[in-house]
Amino acid sequence: MSRLLVCPPDFFGIEYEINPWMRLSNRVDHARAVAQWQILMGIFEKDLGVVLERLSPVPGLPDLVFTANAGLVVGRTAVVSRFRYPERQREETHVEQWFREQGYEVVRIEAGLHFEGAGDLLGFSDTWFGGYRQRSDIGVYPILSERFHREIIPLELVDSRFYHLDTCFCPLSGGELLYYPTAFDRYGRQVIAERIPDELRFAVPDEEAITFACNAVCVGKHVVLPAGCPTTQVWLHSRGYVTHPVLLDEFIKSGGAAKCLTLALD
Ligand code: ARG
């Protein structure tokens with residue numbers, strides 16, 4: 001049974017521009033965003049049997065919906081994010097309070113180091129990968145590696161459209177990986193190729209990368225991904241996954257999709 005932290009989009013909108021997807025002029029259609037979010041949640045709860053924990057939305061925190069960035073949860077420990085941009089730093093006290101209320105041991109990264117939670121740190125059970133440069137700093141990974149006794153391989157993100165690792169890198173339960181090679185430098189691509197065998201890796205095509213194909217949530221043999229990624233779906237089917245495409249274009253206006261809207265709690 002999976003548990004995910006989510007936050008209803010009551011106050012979601014584009015109120016600032018901190019990534020190349022966000023345009024103040026590109027207004028969110030609120031009713032549409034709410035409907036898309038509810039369909040996504042319905043798939044998790046009804047189709048996949050996921051337990052959803054809801055963080056209460058806060059006026060003035062339009063990106064709180066992207067709970068992948070709340071922090072990183074490992075067992076009963078929660079590392080609260082330290083956001084790069086002041087616009088999102090205001091989320092930190094709210095999520096810290098939630099983790100404390102839920103009885104998590106809360107870890108804070110030292111001030112001055114940025115870390116944007118499960119949006120930048122993801123991987124397989126033994127090896128994790130940490131995206132850095134755009135949002136998180138490489139310096140957090142040795143600290144987290146020591147704390148959680150996991151190898152963390154840093155991956156530099158070189159394309160500003162793919163500013164969090166979860167926008168271009170999606171590990172799957174069977175050891176496979178969806179990724180967008182262009183988002184990484186030569187060294188990063190080489191490390192990925194050394195760690196994940198060829199037949200387990202799928203390089204998503206350009207047009208599906210910008211439709212956020214990699215921003216998918218894998219629950220067992222099910223993959224929930226944004227609509228409009230047919231080639232990625234065909235590959236997933238060939239590996240035995242059941243796919244659940246969801247239209248999430250209102251959230252893509254803010255630079256996020258399925259994965260960004262969830263935080264794994266186990
Ligand atoms: N507008 C948000 C930001 O720029 C989107 C966050 C998407 N989250 C993610 N895990 N990729 O921070």
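Residues numbered from 1 in each chain as written. Predicted model: local features only at pLDDT ≥ 70, side-chain atom pairs only at ≥ 80, totals over all residues. Heavy atoms only, no water.

## Observations concerning the overall build of the protein
And step 1. Of the regular secondary structure elements, the protein holds eight helices and 15 strands.
And step 2. Relative to the globule expectation of 18 Å for 266 residues, the C-alpha radius of gyration of the protein, 17 Å, shows essentially globular dimensions.
And step 3. Across its three principal axes, the protein shows a C-alpha extent of roughly 45 × 40 × 35 Å.
And step 4. Taking all 266 residues of the protein together, the buried fraction comes to 59%.
And step 5. Long-range contacts, defined here as pairs at least 24 residues apart, represent 68% of the contacts in the protein between residues at least 6 apart.
And step 6. Working note: accessible area of the protein is about 10,800 Å², and carbon and sulfur atoms make up 51% of it.
And step 7. Put simply, the protein has 26 plus and 35 minus side-chain charges, and the middle of one group is 1 Å from the middle of the other. (Helix = DSSP H or I, 4+ residues; strand = E, 2+ residues; numbered from the N terminus. Rg over C-alpha atoms; globule rule 2.2 N^0.38 Å. Buried < 20%, exposed > 50% of the residue type's maximum accessible area, 1.4 Å probe, protein only. Contact = heavy atoms within 4.5 Å. Areas by Shrake-Rupley, 256 points an atom, 1.4 Å probe, with all protein chains shown as cover. Lys, Arg positive; Asp, Glu negative; His and termini not counted. Charge placed at Lys NZ, Arg CZ, Asp CG, Glu CD.)

## Overview of the nonpolar core
And step 1. Counting 34 residues, the largest nonpolar core has Leu 165, Phe 169, Leu 178 and Phe 184 as the members making the most contacts within it.
And step 2. Elements with a contribution of two residues or more to this core: β8 (151-156), β9 (169-171), β10 (177-179), α5 (186-195), β13 (222-226) and α7 (230-238).
And step 3. Examining the composition of this core, we find that three residues originate from one element, β10, more than from any other.
And step 4. Excluding anything up to four places from it in sequence, Phe 184 contacts Leu 155, Glu 156, Leu 157, Val 158, Leu 165, Cys 168, Phe 169, Tyr 179, Arg 189 and Ile 192.
And step 5. In terms of nonpolar packing, the next biggest core, distinct from the first, is built from 33 residues, Phe 12, Ile 18, Val 28 and Phe 212 among them. (Core = buried A, V, L, I, M, F, W, Y, C linked by side-chain atoms within 4.5 Å.)

## Quick word on the site of the ligand
And step 1. The environment of the ligand is made up of 17 residues, and the closest members are Asn 19, Arg 88, Arg 135, Asp 166 and Cys 260.
And step 2. At a separation of 2.8 Å, an oxygen atom of the ligand approaches a polar side-chain atom of Asn 19.
And step 3. Note that a nitrogen atom of the ligand is positioned 2.9 Å from one of the side-chain N or O atoms of Asn 69.
And step 4. Its free accessible area being 350 Å², the ligand has 100% of it covered by the protein chains.
And step 5. Assessed atom by atom at 2 Å from the grid points, the ligand resides in the largest cavity.
And step 6. Of the residues in the shell around the ligand, the class split is six nonpolar, seven polar and four charged. (Near = heavy atom within 4 Å. Polar contact = N/O pair within 3.5 Å; in protein donor to acceptor, adjacent residues only side chain to side chain. 1 Å grid on protein atoms, 1.4 Å probe; cavity = no way out; pocket = protein on both sides within 12 Å on 5 of 7 lines; lining within 4 Å. Sits in = over half its atoms within 2 Å of the grid points. Nonpolar A, V, L, I, M, F, W, Y, C, P; charged D, E, K, R; others polar.)

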